[in-house]
Amino acid sequence: MNRATLSIYIHIPFCVHKCPYCSFNSFSFESVLRANGTSAQQDPHDLERAYTEAIIAELEYFANNSAWSRQEVQSIFFGGGTPSIFSASSIELILRAIEQNFQLATNNEITIEANPGTLIEELSLEKLLTFKAMGINRISLGVQSFSEEKLKKLGRIHSAKDARDAILCCKKAGFTNINLDLIFGIQGERLEQWEADITHAVALEPKHISIYGLTIEAGTEFFKRSLAKEKIAANDALVAKMYGLAQVSLRENNFAQYEISNYSKEGFQCKHNLRYWSRDNYLGVGAGAHSFSNETIWQGSKLRKTIPKNTAWGQRWTNHSNPLTYINKINQSATAIKQLETLDKNQAKLEFFLVNLRTKKGICLANYKKLFKSSMLEDQHFAIQKLLSNNLIQQFDNNLALTDKGFLFADSVLEEFANGVA
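Every chain is numbered on its own, with residues counted from 1 as its sequence reads. With the structure being a predicted model, the display of local features is reserved for residues of pLDDT at least 70 and the display and counting of side-chain atom pairs for 80 or more, all residues being used for whole-chain, interface and lining totals. The side-chain figures draw on all heavy atoms in the structure; neither hydrogens nor water molecules are used.

Draft legend 1. Expanded view of the overall build of the protein chain. Note on conventions: DSSP H or I runs of at least 4 residues are helices, E runs of at least 2 residues are strands, and numbering of each starts at the N terminus. Looking only at helices and strands, the protein chain has 17 helices and 17 strands in total. Its C-alpha radius of gyration of 22 Å places the protein chain within 12% of the 22 Å reference for a compact globule of 422 residues. Viewed in the frame of its principal axes, the protein chain has a C-alpha envelope of about 60 × 55 × 45 Å. Throughout this description, buried means an accessible area under 20% of the type-specific maximum (1.4 Å probe, protein chains only), exposed means over 50%, and partly exposed covers the range between. For the protein chain, the residues scored as buried account for 53% of the 422 residues in total. We call two residues in contact whenever any of their non-hydrogen atoms come within 4.5 Å of each other. Long-range pairs, those at least 24 residues apart, make up 73% of the contacts in the protein chain between residues at least 6 apart in sequence. Each accessible area value is a Shrake-Rupley result obtained with a 1.4 Å probe; residue values ignore everything except the protein chains displayed when judging cover. As displayed, the protein chain has an accessible area near 19,000 Å², and 50% of this comes from carbon and sulfur atoms. Note on charges: Lys and Arg go in the positive column, Asp and Glu in the negative column, and His and the chain ends are not counted at all. Think of each charge as sitting on NZ of Lys, CZ of Arg, CG of Asp or CD of Glu. Charge centroids of the protein chain, computed over 46 positive and 44 negative side chains, lie 4 Å from each other. What the globule rule says is 2.2 Å times the number of residues to the power 0.38, and the radius of gyration is computed from C-alpha atoms.

Printed below as a string of structure tokens:
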């Protein structure tokens, strides 16, 4: 855990179309304007401009009022929504604001998420070249599948051809660090369809592939349909086979698994996500964005300009999720925090288990002892013995990590450790 560095996440909550499985904080421009009635800006470009100005104001507030301005920024991640639907000029204004207000590492990783369905309308070669020129060096494409049948069921706006064209376009623009997101486990999906998705993805030679089992999240269209007794997801046995197939197939193609859902070529792990899983500081800016500090950065509703020696167990906070509410809050007070939580020791332990268990290297026992001043082997003796005997975790060197089987039952493993927290 490095207390001297920072990552910045920029949430752009706008997208062309809300996918039925998506539980992220995202909206179409039209839905935001329509929900607010006649008082909202009627031009989506005006809404983009107002949102960009709010992002910059929030960045400047943190830079001017906290010790974080002196911490080196290791990674920047534009997520959403579909952040690539913003104009290149808006993205550049945000990047320049970060450069002007924070210290950037020389090997900074800067990622932007993109939807292949916006290739023609929004994500042109010219725009990609502009992204590359302004310093963005990693693209994450929400491909999800190369099957037209699956794409239709998932409510995606792009075709398999769009996905392939988008990847080739990114390469033509000079991007070498490309991630592809894939989803598996929708009702009616066959094992051979999933195998074909992996084969197609590997053939396009990305440096990183993320795989996600379909989950039915509250508030989504799929959730509403599931309440009406519609079968949305594949059965657990098939999902387990799909996950196992991906583990083997990607490993055979030299993609190393380093987290539950993430695989990369050597040297291309996502630096930004690794920081989440290491309890490093990250600042989330934008509507609904989450932040975490492993130090006590807030005192009441005020930011600290210096970090006290007794840093307790960390703090996390979340911004208001509605984009217009976010803009108004920033305009009023330069912050838009809806909820702030200062962790106690037990909460910090649970978070430590949660983030570290996601990774292939797992929990470093020395880090646990350094942070909590006790031995995890003693604190969690019963849970560890049970999980070892069930082949859900393994011990190597000075680490406890999930087995291949354990990755399938990660929630159950976490629950065992949670039961052992005093």
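Draft legend 2. Representation of unusual backbone geometry. Look at the link from Gly80 to Gly81: it is a cis peptide, with omega at 20°. Following the sequence through the fold, Gly81 ends up in the loop between β2 (72-80) and α3 (88-101). Of note, Ala334 is a non-glycine position whose phi angle comes to about 70°, a positive value. Within the secondary structure layout, Ala334 lies in the loop between α11 (323-333) and β14 (337-342). The backbone phi angle of Asp397 is positive, close to 50°, even though this residue is not glycine. If you trace the backbone, Asp397 turns up in the loop between β16 (393-396) and β17 (399-402). In this structure Asp397 comes out as exposed when scored by relative accessible area, which is 78%.

Draft legend 3. Here's a closer look at the packing of helix α12 (residues 345-357) against helix α13 (residues 365-372). Closest axis-to-axis distance for the α12/α13 pair is 12 Å, and the angle between their directions is 165°. Relative to α13, the element α12 lies roughly antiparallel. Along this stretch, α12 crosses α13, giving a crossing that reads as right-handed. Facing Lys345, Ala348, Lys349, Phe352 and Phe353 of α12, the residues of α13 in contact are Asn367, Tyr368, Leu371 and Phe372. Taken together, the residues of the contact of α12 with α13 sort by class into 6 nonpolar, 1 polar and 2 charged. To get an axis, fit a line to the C-alpha atoms, keeping to the stretch in contact for a helix; angles then go from 0 to 180 degrees between the N-to-C directions. Roughly parallel here means an angle under 35 degrees, roughly antiparallel means over 145, roughly perpendicular means 65 to 115, and every remaining angle is called oblique. In a left-handed crossing the near helix is turned counterclockwise from the far helix by less than a right angle, and in a right-handed crossing that turn is clockwise. Three classes are used, and their members are as follows: Ala, Val, Leu, Ile, Met, Phe, Trp, Tyr, Cys and Pro are nonpolar, Asp, Glu, Lys and Arg are charged, and the others, Gly among them, are polar.

Draft legend 4. Layout of the pattern of salt bridges. Each reported salt bridge corresponds to a side-chain nitrogen of Lys or Arg within 4 Å of a carboxyl oxygen of Asp or Glu. Applying the stated criterion across every chain yields a total of 19 salt bridges. The shortest N-O distance in the salt bridge between Asp379 and Lys349 comes to 4.0 Å. Taken as a pair, Asp379 in helix α14 (residues 376-379) and Lys349 in helix α12 lie far apart in primary sequence, 30 residues in all. For Asp379, a relative accessible area of 32% puts it in the partly exposed group.

Draft legend 5. Summary view of the sheet that holds β16. By this definition, two strands are paired if DSSP reports at least two bridges between them. In spatial order, the strands read β15-β17-β16; together these 3 strands make up an open sheet with antiparallel pairing. Edge positions in the sheet fall to β15 (363-364) and β16, since each has one partner strand and no second. Bridging between β16 and β17 involves 4 bridges; their strand directions are antiparallel. The residue bridging Ile393 from the neighbouring strand is Leu402, located in β17.

Draft legend 6. Molecular detail of the side chain of Thr359. With respect to the element layout, Thr359 can be found in the loop between α12 and β15. For Thr359, a relative accessible area of 4% gives the class buried. In the analysis that follows, any N or O atom pair within 3.5 Å is treated as a polar contact, provided that within protein one partner can donate a hydrogen and the other can accept it, and provided that, for residues neighboring in sequence, both atoms belong to side chains. At 2.8 Å, the side chain of Thr359 and the backbone oxygen of Asn356 are in polar contact. If near-sequence neighbours (up to four positions away) are discounted, Thr359 is found in contact with Tyr258, Glu259, Trp277 and Phe407.

Draft legend 7. Region of the structure containing the side chain of Thr5. Within the secondary structure, Thr5 is located in strand β1 (residues 5-12). Within the structure, the side chain of Thr5 is placed 3.0 Å from the side chain of Arg275, a separation counted as a polar contact. Aside from chain neighbours lying at most four places away, what touches Thr5 is Gln71, Glu72, Gln74, Arg275 and Asn281.

Draft legend 8. Local environment of α11. When α11 is considered as a whole, its buried residues turn out to be Pro323, Leu324, Tyr326, Ile327 and Ile330. Projection of α11 onto a plane perpendicular to its axis shows the buried side chains occupying an angular sector of 160°, all on one side. Of the surrounding elements, those touching the buried residues of α11 are α1 (29-35), α2 (44-65), β9 (282-285) and β13 (315-319). Of the residues trailing α11, Ala334 is marked for its positive phi of about 70°. The arc in question is the one traced by the directions running from the helix axis out to the C-beta atoms.

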